[in-house]
Amino acid sequence: MRTWMLRLAFVALSPTLATPMTAQPKDLQAKVKEVFLQKLAQQEVAATKGADDFRKGFSTDTELRQDIKNKQIADYREMVWTAWREANHDFKEDKLIAPHALKAKEHGAWHLPAALEPNATMPFYFGSKKDAQSPAPLFVYLHGSGPKAQEWEVTWQWAQIFDDAPSLYFVPQIPNEGGYYRWWQLSKQYAWEKLFRQALAYGVADANRLYVLGVSEGGYGSQRLASFYADYWAAAGPMAGGEPLKNAPADNCANIGFSFLTGADDMGFYRNVLTSYTQAMFDSLQLAHPLSADKQPLFRHRINLVPGKQHHIDYRHTTPWLKQFSRNPYPKTVLWEDFDMDGRHRSGFYNLQVLARPSDNRTNYEMNINGNHVDLRISDVKYTTVQKDPQWGIEMKFHRDYSEATGGKVRLYLCEQLVDLSKPVEITINGKKVFSGKVKASLQSMVSSCAEYFDPCRVYPAYIDLAY
């Protein structure tokens, strides 16, 4: 326990935590910090009460009201992020350990809420390669579905071999075997969001160089997590997996790098066939969306069936490919199929936040920003299964039907990287003008977006709530 506390002190009291105030009074920063502590507590209560409460989430809105001049945005953003970091330092919870050398095999553990998974403790290795300096690239590496102690050990060994240093690695062990041996379940979503939040708040991870990869069961998991949390990743690299695309819509992986390697003869659970379907979908999306609104390649992928290989392939080719990518936190084209993972939807994605879903179907969002015009296309999505495996009943191939969505409400966050905040903004949804005018920067927007995304790049100064 003493060793744990020493490690915790190292991380929590990092010199980068206390960013000096520039123009804002300390009492305002203290008020913002108190709001953040309340939001962190609300999030924890939702997770500990039960699965339904965790799925429902909580409001990130705040009663703090203060308009901000555009020339003050940088100072207020710095103040808000500092208050967020201090709140995370003070909040009583299991913490990340300090990242010592990965080869030293230092590990910590998080206790996951019993309401989401009984008797669930997630041990993890968290360490650096070649003395990576903070903030460093962070690789989240998920193991396969054999005996968990053995799989964790092998994954730690492979992590040291991969050619991606200097880097950080988070290598978790699945808490329980059997029916809970899935990396995408609610209890694990709790863990991933804790990881994003703490790694970014502590300043140890580069917010624009987060990567996820995995092998076998970890390949399935990393493919799902790539799609569900695409707005956090720079790139993703599932291996020896193969999810039906309904479980991991490829559209969401616009703007990130995506590598997928599976043995050409890996026929177990149709992994090779499902990998080929993923390849075909990414290729099709690339043809349909070659460039984003700001003329950047939208789909950058490498999906290969490795000739002559079954379930075991050479894992060393993934991270060198992933590490060439950095996240663009402000894409001017966003594609998002809002799907549930273990019954839970994301409440936000990039600069969009869902305030009211239009129906019980999935919702597809396409956002394009050209100058100060924001165009949103919002559709209901209905899936029809067109191919099902006769042995296990795996739904393998689908047709999607789209229809114009109505009755929903979405929040559009904006910042100076997306539009010129000194000029009027025009917004259309499904071809109809829904807003035209100046957008005001506010403290409320910064606090709400920070609590929503816990991302230093997404402390947005302005938002507009839009019904459609």
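In this text, all values refer to a predicted model and were calculated from it rather than measured experimentally.

Some words on the overall build of the protein chain
1) Next: Counting its regular elements, the protein chain contains ten helices and 23 strands.
2) Next: Computed over C-alpha atoms, the radius of gyration of the protein chain comes to 22 Å, within 12% of the 23 Å expected from 2.2 N^0.38 for 468 residues, which places it in the range of a compact globule.
3) Next: In terms of overall dimensions, the protein chain has C-alpha extents of about 60 × 60 × 40 Å along its principal axes.
4) Next: Within the span of the protein chain, comprising 468 residues, buried residues form 59% of the whole.
5) Next: Of the contacts formed within the protein chain by residues at least 6 apart in sequence, a portion of 74% connects residues at least 24 apart.
6) Next: Here the protein chain displays about 18600 Å² of accessible surface, and carbon together with sulfur accounts for 51% of that area.
7) Next: Of the charged side chains in the protein chain, 54 are positive and 51 negative; the average position of the first set lies 3 Å away from that of the second.

Examining empty space enclosed by the protein
In this approach, a probe sized like a water molecule rolls over the atoms, and the result shows the empty space that is left.
1) Next: Scanning the entire structure with this criterion turns up five cavities of 30 Å³ or more.
2) Next: One number sums up the size of the largest cavity: a volume of about 80 Å³.
3) Next: Surrounding the largest cavity, L40, Q43, E44, F54, F91, Y190, E193, K194 and R197 form its lining.
4) Next: Ranked by the residues each element gives to the lining of the largest cavity, the list is headed by helix 6 (residues 186-201), at four residues.
5) Next: Among the residues forming the lining of the largest cavity, the class breakdown is four nonpolar, one polar and four charged.

Some thoughts on the sheet that holds strand 23 (residues 462-467)
1) Next: Read from one edge of the open sheet, four strands run 14-15-19-23, paired in antiparallel fashion. Two strands in the sheet have a free side with no partner beyond their single neighbour: strand 14 (348-349) and strand 23.
2) Next: Relative to strand 19 (residues 409-414), strand 15 (residues 352-356) runs antiparallel, the two sharing four bridges. Bridged to Q353 within strand 19 is R411.
3) Next: Across the sheet, helix 10 (residues 443-453) is in contact with strand 14, strand 15, strand 19 and strand 23; its angle to strand 19 comes to roughly 105°.

Considerations on the side chain of H143
1) Next: With respect to the helices and strands, H143 occurs in the loop between strand 5 (136-142) and helix 5 (148-161).
2) Next: Residue class for H143 comes out buried when judged on its relative accessible area of 0%.
3) Next: Among the polar contacts listed, one links the side chain of H143 to the side chain of Y181, at a separation of 3.4 Å.
4) Next: In contact with H143, other than residues within four places in its own chain, are K148, E151, W152, T155, P172, Q173, I174, Y181, W183, V215, E217 and G218.

Details of the pattern of salt bridges
1) Next: Counted under the stated rule, the structure contains 29 salt bridges.
2) Next: Across the pair D52 and R55 runs a salt bridge, and its minimum N-O distance is 3.5 Å. Of this pair, D52 and R55 both sit in helix 3 (residues 51-56), three residues apart, which is roughly one turn of the helix.
3) Next: A salt bridge links D455 to R458; its shortest N-O distance comes to 3.0 Å. In terms of burial, D455 and R458 fall into one category: buried.
4) Next: Taken together, the shared-partner salt bridges connect D231, R327, R346, D455 and R458 into one network.

Considering the environment of I303
1) Next: Turning to its location among the elements, I303 is positioned in strand 10 (residues 300-306).
2) Next: Relative accessible area serves as the criterion here: at 3%, I303 is assigned to the buried category.
3) Next: In sequence terms I303 and S259 are 44 residues apart; their C-alpha atoms lie 5.6 Å from each other.
4) Next: Those residues in contact with I303 that sit more than four places away from it in its chain are F258, F260, T275, T278, Q279 and F282.

Description of unusual backbone geometry
1) Next: The amide bond that connects S134 to the next residue, P135, takes the cis arrangement and shows omega of -5°.
2) Next: That bond from A165 to P166 is cis: its omega, 0°, falls within 30 degrees of zero.
3) Next: Within the secondary structure, P166 sits in the loop between helix 5 and strand 6 (167-172).
4) Next: The phi dihedral of K295 is positive, around 65°, even though this residue is not glycine.
5) Next: Note on placement: K295 falls in the loop between helix 8 (271-288) and strand 10.
6) Next: Positive phi values are uncommon outside glycine, yet F454 reaches one of about 40°.
7) Next: Take F454: it is sitting in the loop between helix 10 and strand 23.

Describing helix 10
1) Next: Of all eleven residues in helix 10, eleven are buried, a share of seventy percent or more.
2) Next: If you check which residues of helix 10 are buried, you get L443, Q444, S445, M446, V447, S448, S449, C450, A451, E452 and Y453.
3) Next: F454 sits one or two residues past helix 10 and shows a positive phi near 40°.

Remarks on helix 5
1) Next: For helix 5, spanning 14 residues, the distance from its first C-alpha to its last is 20 Å, which sits close to the expected 20 Å at 1.5 Å a residue.
2) Next: Residues E151, W152, T155, W156 and A159 constitute the buried set of helix 5. Projected down its long axis, helix 5 carries its buried residues within an arc of 135°, all on one side.
3) Next: Looking at the buried positions of helix 5, the neighbouring elements they touch are strand 3 (107-111), strand 4 (121-129), strand 5 and strand 6.

Some words on the nonpolar core
1) Next: With 118 residues, the main nonpolar core has F36, F170 and L443 as its most contacted residues.
2) Next: The element contributing the most residues to this core is helix 6, with nine residues.
3) Next: Discounting residues that sit within four places of it in the chain, F36 has contacts with V80, A83, W84, A87, V447, C450 and A451.
4) Next: W152, A159, A235 and L322 belong to the second largest nonpolar core, which has 23 residues in total.

What counts, and where the lines are drawn
- Residues numbered from 1 in each chain as written.
- Predicted model: local features only at pLDDT ≥ 70, side-chain atom pairs only at ≥ 80, totals over all residues.
- Heavy atoms only, no water.
- Helix = DSSP H or I, 4+ residues; strand = E, 2+ residues; numbered from the N terminus.
- Rg over C-alpha atoms; globule rule 2.2 N^0.38 Å.
- Buried < 20%, exposed > 50% of the residue type's maximum accessible area, 1.4 Å probe, protein only.
- Contact = heavy atoms within 4.5 Å.
- Areas by Shrake-Rupley, 256 points an atom, 1.4 Å probe, with all protein chains shown as cover.
- Lys, Arg positive; Asp, Glu negative; His and termini not counted.
- Charge placed at Lys NZ, Arg CZ, Asp CG, Glu CD.
- 1 Å grid on protein atoms, 1.4 Å probe; cavity = no way out; pocket = protein on both sides within 12 Å on 5 of 7 lines; lining within 4 Å.
- Points joined across faces, edges and corners; volume = space filled by probe spheres on them.
- Nonpolar A, V, L, I, M, F, W, Y, C, P; charged D, E, K, R; others polar.
- Pairing = 2+ DSSP bridges.
- Axes fitted to C-alpha atoms, helices over the stretch in contact; angles between N-to-C directions.
- Polar contact = N/O pair within 3.5 Å; in protein donor to acceptor, adjacent residues only side chain to side chain.
- Salt bridge = Lys/Arg side-chain N within 4 Å of Asp/Glu carboxyl O.
- Expected span 1.5 Å × (residues − 1).
- Arc of directions from axis to C-beta.
- Core = buried A, V, L, I, M, F, W, Y, C linked by side-chain atoms within 4.5 Å.

Purely geometric stuff here, so don't read any function into it on its own.
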